[in-house]
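Examination of the molecular architecture
Listed below, chain by chain, are the residues.
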Amino acid sequence: MSETVNILLVGAGEINFGSVEGPWNHTLRLEQILGPRLRVVALIDLDASRATAALDAKLASPAAPAYADCKVFPTVTEAARSPLSQTPHIAIVGAPPFARGTDIPGRDLELQLVEAFPRCALFVEKPVSSGPEDAAWRVADVLEKSGTLVGVGYMLRYLKAVQVMKKIISENGLVVMGTNARYVMAYEWARKPAWWDKTRSGGPIIEQATHFCDLSRYFGGDVHLPSVVAHTVQPNEAPGQLSAKRFDEDPIPPENRLPRLTSATWKYRGGAVGTLTHVIALHGNTYDTEFEVYADGYRFKLVDPYGTPKLCIRRPGAAEEEVHVFKEDDPFRTELETFVDVVEERGSRDRVLSSYEDAIKTYELTWAIRRASETAAASYA
Ligand SMILES: NC(=O)c1ccc[n+]([C@@H]2O[C@H](COP(=O)([O-])OP(=O)(O)OC[C@H]3O[C@@H](n4cnc5c(N)ncnc54)[C@H](O)[C@@H]3O)[C@@H](O)[C@H]2O)c1
């Protein structure tokens, strides 16, 4: 591997360049991880003005040398046609899920990238797609056959607290009995109309609770998909009235509006049971999120994994729980640092905690919850 690490960015949006809404910002993390070794060779975005603005801001920042040779392109095809300053080692795929994860022309970014840059590793954002699950499996097949290293942005797996839970489970030979994920969203400042339209965002489970579904699978294993049962509170029901929305929901057709509460359970293939509650209820902008894992003698409770994670553990023989607080743990940085390490052949591919195939299984679970909840809602409408 050369001295520099050459990056191709797809998407000039929030995940790659940051947002006031959250801590995500892949370019900032890459600058921190690689310093003078970072070379961003191309930025691909259909929106040329957004891409140029993002690049100009970088060129005016202390990180400018890393972007000095970066070229902006509207498509992968255009990028492949032009000589780049250096061949990319890693593509960071931060375009929306409707542009990727299938073999349908125009929604096939991964396939375009593998064809154009066959030796490039792909770091793909979650969810893997918004298209049909079988199309995502066909993409997985191509990626497997081409030997492409792929990591998916389920960053919560990289939290120190999550790895402590994994270690205790493994060292004590525990068999997970159940997982219980609770995600209560503060909606007051969620004002993008597209997010509130499930035909555009996929809905709250596919788009948002996907991180908690993935964490559930990380501990519980593969899910028996036909076992998924789910109920919702719908926006037209009395408990679903929200008083602090700061956008106009009226233009969204009623059938496309988001359920306010989704409660799902399922059986894992290994025998454990999973539960998820997702709620759009809180005002302000502080979310309330908790994730529990149960095993014989043990209860792990992970509180606030997106903020300052706190891990509460009950062990056999202890009436009191022990509490660990993980200040300044940055899973976005750890996931990219790990990916760069593996691309540079420091450690095996197992260090990448979210593979493409595994992320498709999470995508399947989120669709199974959405479908089960819609079937149930139709039955009592
Ligand atoms: N892991 C996390 O916590 C996290 C946080 C934020 C976003 N994300 C994910 O990142 C992805 C992008 O989200 P975002 O918030 O950056 O979106 P965004 O809308 O801010 O930016 C997406 C950009 O992609 C561009 N684009 C659309 N289609 C394209 C195509 N075919 N080729 C190239 N560019 C294209 C758009 O023009 C836009 O500039 C989503 O899948 C989202 O779920 C993950």
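Residues numbered from 1 in each chain as written. Predicted model: local features only at pLDDT ≥ 70, side-chain atom pairs only at ≥ 80, totals over all residues. Heavy atoms only, no water.

When the UniProt feature table is mapped onto this chain numbering, "domain: Oxidoreductase putative C-terminal" (unreviewed entry) sits at residues 157–298. The distance from the first to the last C-alpha atom of residues 157–298 is 20 Å, and the span holds 22% helix and 30% strand. (UniProt positions renumbered as here; feature names shortened; annotations may be inferred. Helix = DSSP H or I, 4+ residues; strand = E, 2+ residues; numbered from the N terminus.)

The immediate surroundings of the ligand are formed by 25 residues, with Glu14, Ile15, Asp45, Arg100 and Lys126 found nearest. One nitrogen or oxygen atom from the main chain of Glu14 is found 3.0 Å from an oxygen atom belonging to the ligand. Between the ligand and Arg100 there is a distance of 2.7 Å, counted from an oxygen atom to a side-chain nitrogen or oxygen. When the ligand sits alone it has 850 Å² of accessible area, and the protein chains cover 85% of it. Residues of the shell around the ligand, tallied by class, amount to 12 nonpolar, 5 polar and 8 charged. (Near = heavy atom within 4 Å. Polar contact = N/O pair within 3.5 Å; in protein donor to acceptor, adjacent residues only side chain to side chain. Areas by Shrake-Rupley, 256 points an atom, 1.4 Å probe, with all protein chains shown as cover. Nonpolar A, V, L, I, M, F, W, Y, C, P; charged D, E, K, R; others polar.)

The next point concerns the sheet that holds strand β4 (residues 90–93). Pairing between sheet strands relies on hydrogen bonds along the backbone, with the strands arranged either parallel or antiparallel. Reading across from one edge, β3-β2-β1-β4-β5-β6 is the order of the 6 strands in this open sheet, with parallel pairing throughout. Of all strands in the sheet, those with a lone pairing partner are β3 (71–73) and β6 (150–152), marking the two edges. Averaged over all pairs of adjacent strands, the angle between their axes in this sheet comes to 20°, without regard to strand direction. When strand β5 (residues 121–124) meets β6, the two strands line up parallel, connected through 3 bridges. Bridging across to β6, Val124 finds its partner in Val152. Against the sheet, helix α12 (residues 331–343) makes contact with β4, β5 and β6, and its axis sits at roughly 170° relative to β5, the strand it touches most. (Pairing = 2+ DSSP bridges. Axes fitted to C-alpha atoms, helices over the stretch in contact; angles between N-to-C directions. Contact = heavy atoms within 4.5 Å.)

If you walk through the whole model with that rule in mind, you get 31 salt bridges. The closest approach of N and O atoms between Arg157 and Asp214, which form a salt bridge, is 2.7 Å. You can see Arg157 sitting in the loop between β6 and α8 (160–171) and its partner Asp214 sitting in helix α11 (residues 210–220), a full 57 residues away along the chain. For the pair shown, Arg157 and Asp214 are each scored as buried. Where Lys198 meets Glu374, a salt bridge forms, and the shortest distance between an N and an O atom there is 2.9 Å. Linking Lys198 in helix α9 (residues 198–201) with Glu374 in helix α13 (residues 356–379), this pair joins segments that are 176 residues apart in sequence. A relative accessible area of 13% places Lys198 in the buried class. Salt bridges linked by common partners bring Arg157, Asp214, Arg217, Asp222, Asp358 and Lys361 together as one network. (Salt bridge = Lys/Arg side-chain N within 4 Å of Asp/Glu carboxyl O. Buried < 20%, exposed > 50% of the residue type's maximum accessible area, 1.4 Å probe, protein only.)

The topology assignment puts Thr262 in strand β9 (residues 261–267). Take Thr262: its relative accessible area is 1%, and that puts it in the buried class. With residues up to four places along the chain from it excluded, the contact list for Thr262 reads Ile205, His231, Thr232, Leu276, Thr277, His278 and Ile369.

This next bit is on the packing of aromatic side chains. Tallied over the full model, the rule gives 13 aromatic pairs. The interplanar angle of 65° and the centroid separation of 5.5 Å between the aromatic rings of Phe123 and Phe339 together place this pair among those described as edge-to-face. Remark: Phe339 occurs in helix α12 and Phe123 occurs in strand β5; sequence separation between them is 216 residues. Using a relative accessible area of 2% as the deciding quantity, one classes Phe339 as buried. Arranged with centres 5.8 Å apart and planes meeting at 45°, the rings of Phe219 and Phe291 form a pair that is tilted. (Phe/Tyr/Trp six-rings, centres within 6.5 Å; stacked < 30°, edge-to-face > 60°.)

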